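# Notes for the structure review
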Amino acid sequence: MVGTGNTSEKNQSTYNLGYYVSLFGAALILLWIGIFKFTPTEAGAIKPLVENHFLTFFVYKVMSVQAVSNLIGVIEIIIALLLIFSAKFVVLKKYAGIGMMVTFLVTLSYLFTTPGMWKVVDGVPVTDFFILKDLMLLGFGLMIVQHNK
């Protein structure tokens, strides 16, 4: 069939564009949120999430509210940098993907461990939609681990 190779090349080109938009978009989100963790506003905002989680409930006994937030921010910034540099250094993709999967599994689990996260508004269950973005980022983390280019 005439033009089959051209279509395949366009499909690959579109895939690559989508992949890199997702890669740098995820890195931007993580970098931005990671930097925001260094503010007292965000440190206070995440406290109810962290203190009610079965994996992180104890951290405020050993660190201050701001220190915990700063540590989480550093982790998010490191994952963002791994994503950015994985565009050039393929070996980093696996670590970036694993970091994303762990981070976003924990943050998504906050939806189920934090009291008052779900409300019913006009008959529809709603939650903190900001956390729901992590579902897509978790999926992208899974894709990154398998991306071999």
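Remember, predicted model here, so these are calculated numbers, not experimental data. (Residues numbered from 1 in each chain as written. Predicted model: local features only at pLDDT ≥ 70, side-chain atom pairs only at ≥ 80, totals over all residues. Heavy atoms only, no water.)

### A few points about the overall build of the chain
Inclusion rule: The helix count covers DSSP runs of H or I at least four residues long, the strand count covers runs of E at least two residues long, and both are numbered beginning at the N terminus. In this analysis, two residues are considered to be in contact whenever any of their non-hydrogen atoms come within 4.5 Å of each other.
A tally of regular secondary structure across the chain gives 6 helices and 2 strands. Shown N-terminal to C-terminal, the secondary structure of the chain runs as helices and strands in the order α-α-α-α-α-β-β-α. Intrachain contacts of the chain at a sequence separation of at least 6 include 67% that bridge at least 24 residues.

### Some thoughts on a nonpolar patch on the surface
As a reminder, the rule being used: Exposure above 30% relative accessible area and the absence of a salt bridge qualify a residue for a patch, where like charges join within 9 Å and nonpolar side chains (Val, Leu, Ile, Met, Phe, Trp, Tyr) within 5 Å. For the area figures, the Shrake-Rupley method with a 1.4 Å probe applies, and any residue is considered shielded solely by the protein chains shown. The salt bridge criterion pairs a side-chain nitrogen of Lys or Arg with a carboxyl oxygen of Asp or Glu, the two atoms within 4 Å. Exposed residues in this analysis have more than 50% of their type's maximum accessible area, buried residues have under 20%, and partly exposed residues fall in between, with area computed by a 1.4 Å probe over protein chains only.
A surface patch of nonpolar side chains, about 670 Å² in accessible area, is lined by Phe24, Leu81, Ile84, Phe85, Phe89, Val91 and Tyr95. Among the elements of the structure, α4 (65–86) and α5 (91–113) are those that each provide at least two residues to the nonpolar patch. A per-element tally of the nonpolar patch places α4 first, with 3 residues. Its place among the elements puts Phe89 in the loop between α4 and α5. Residue classification places Phe89 among the partly exposed positions, given a relative accessible area of 46%.

### Re the packing of α5 against helix α6 (residues 129–146)
Relative orientation and spacing of two packed helices are given, respectively, by the angle between their axes and the distance between those axes. What counts here: Orientation is described by lines fitted to C-alpha atoms, with helices fitted over the stretch in contact, and by angles between N-to-C directions that extend from 0 to 180 degrees. Working definition: roughly parallel below 35 degrees, roughly antiparallel above 145 degrees, roughly perpendicular at 65 to 115 degrees, and oblique for all remaining angles. By definition, turning the near helix anticlockwise from the far helix through less than a right angle yields a left-handed crossing, and turning it clockwise yields a right-handed one. Amino acid classes used here: Ala, Val, Leu, Ile, Met, Phe, Trp, Tyr, Cys and Pro are nonpolar; Asp, Glu, Lys and Arg are charged; the rest, including Gly, are polar.
Viewed as axis vectors pointing N to C, α5 and α6 meet at an angle of 155°, and their least axial separation amounts to 8 Å. Relative to α6, the element α5 is oriented roughly antiparallel. Remark: the crossing between α5 and α6 carries left-handed chirality. Where α5 approaches α6, its residues Lys93, Lys94, Gly97, Ile98, Met100, Met101, Phe104, Leu105, Thr107, Leu108 and Leu111 are matched on the opposing element by Ile131, Leu132, Asp134, Leu135, Leu137, Leu138, Phe140, Gly141, Leu142, Ile144 and Val145. Grouping the constituent residues of the contact of α5 with α6 by class yields 16 nonpolar, 3 polar and 3 charged.

### Regarding the nonpolar core
Generally speaking, nonpolar side chains in soluble globular proteins are found buried as a group. So the rule is basically this: Nonpolar cores were defined as sets of buried Ala, Val, Leu, Ile, Met, Phe, Trp, Tyr and Cys residues, with membership established by side-chain atoms within 4.5 Å.
Leu30, Val50, Leu83, Met100, Phe140 and Ile144 are the most contacted members of the largest nonpolar core, which has 27 residues in total. Residue assignment for this core shows that the elements contributing at least two residues are α1 (4–36), α2 (40–51), α3 (59–62), α4, α5 and α6. By residue number, the principal contributor to this core is α5, which donates 7 residues. Leaving out residues up to four positions away in the same chain, Ile144 has contacts with Tyr19, Leu23, Leu83, Lys93, Gly97 and Met100.

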